[in-house]
Amino acid sequence: MTASEALALVGLDKRETHFPSEMSGGEQQRVAIARALIMNPKLMLADEPTGNLDWQTGQEIADLLFRLNTEEHVAMVIATHNQRLAEKMSRQK
C-alpha cells in the first residue's frame, strides 16, 4: 500500500502535501493510523483510535478498523473509553 492509498483510506487524500503543524489533532491521529496501515500489519494495537475525532469521523475510522479486521484479517487490540466502539468489538478467549 502506498502513502497516498493509506491517506485516502482515512479520508485525508486532499491533505497529502500538508505538514503536521498544518493539521488538527484529529487529522494527525488519522495520519498515524495511515502510517500503520502502510506496513500491512497482521496485528494493530490502538490506544483510543477515535479519541480525538468528531463523531462522524470516529464512525468512519471505526468502520475502517472493522473492515480491516473482517476483510484483511488484521487482528486488533483496541483500548477505548468509547462505549459504542467497545460494544461492537468481538472478544475471543
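Just above, that's the structure.
Structural notes, computed from the coordinates.

1. Looking at the overall build of the protein chain
Counting its regular elements, the protein chain contains 4 helices and 2 strands. Expected size for 93 residues packed as a compact globule is a radius of gyration near 12 Å; at 13 Å, the protein chain falls within 12% of this value. Taken along the three principal axes of its C-alpha coordinates, the protein chain extends 45 × 25 × 15 Å. Within the protein chain, the proportion of its 93 residues that are buried is 34%. Taking the intrachain contacts of the protein chain between residues at least 6 apart in sequence as the baseline, contacts between residues at least 24 apart amount to 54%.

2. Looking at helix α3 (residues 55-71)
For α3, with 17 residues, the first-to-last C-alpha span of 24 Å sits near the 24 Å given by 1.5 Å per residue. By the burial criterion, the buried members of α3 are Thr 57, Gly 58, Ile 61, Ala 62, Leu 64, Leu 65 and Leu 68. The arc that holds every buried residue of α3, seen down its axis, measures 155°, which confines them to one face. In α3, those exposed residues whose orientation departs by more than 90 degrees from the buried face are Trp 55, Thr 70 and Glu 71. Buried residues belonging to α3 abut α1 (3-9), α2 (25-38), β1 (43-47), β2 (75-79) and α4 (83-88).

3. Things to note about a nonpolar patch on the surface
Taken together, the side chains of Leu 43, Leu 45 and Val 77 define a hydrophobic patch exposed on the protein surface, amounting to about 310 Å² of accessible area. Within the fold, Leu 45 resides in strand β1.

4. Section: unusual backbone geometry
Notably, Glu 48 is not glycine yet its phi reads approximately 55°, a positive angle. Mapped onto the elements of the fold, Glu 48 is located in the loop between β1 and α3. With a phi close to 60°, His 73 is a non-glycine residue in the positive phi region. Topologically, His 73 is positioned in the loop between α3 and β2.

5. Focus: the environment of His 73
Judged by relative accessible area, His 73 falls into the exposed class, the value being 64%. For the pair His 73 and Gly 25, spaced 48 residues apart in the sequence, the C-alpha separation amounts to 28 Å. Not counting the four nearest positions on each side in its chain, His 73 is found in contact with Lys 42 and Leu 68.

6. Focus on the pattern of salt bridges
All chains considered together, the criterion is met by 1 salt bridge. Linking Arg 15 and Glu 27 is a salt bridge whose minimum nitrogen-to-oxygen distance equals 3.1 Å. Here Glu 27 lies in helix α2 and Arg 15 lies in the loop between α1 and α2, a separation of 12 residues in the sequence. Classification of Glu 27 by relative accessible area gives buried; the value is 15%.

So, how was this worked out
- Residues numbered from 1 in each chain as written.
- Predicted model: local features only at pLDDT ≥ 70, side-chain atom pairs only at ≥ 80, totals over all residues.
- Heavy atoms only, no water.
- Helix = DSSP H or I, 4+ residues; strand = E, 2+ residues; numbered from the N terminus.
- Rg over C-alpha atoms; globule rule 2.2 N^0.38 Å.
- Buried < 20%, exposed > 50% of the residue type's maximum accessible area, 1.4 Å probe, protein only.
- Contact = heavy atoms within 4.5 Å.
- Expected span 1.5 Å × (residues − 1).
- Arc of directions from axis to C-beta.
- Patch = residues over 30% accessible without salt bridge, like charges linked within 9 Å, V, L, I, M, F, W, Y side chains within 5 Å.
- Areas by Shrake-Rupley, 256 points an atom, 1.4 Å probe, with all protein chains shown as cover.
- Salt bridge = Lys/Arg side-chain N within 4 Å of Asp/Glu carboxyl O.

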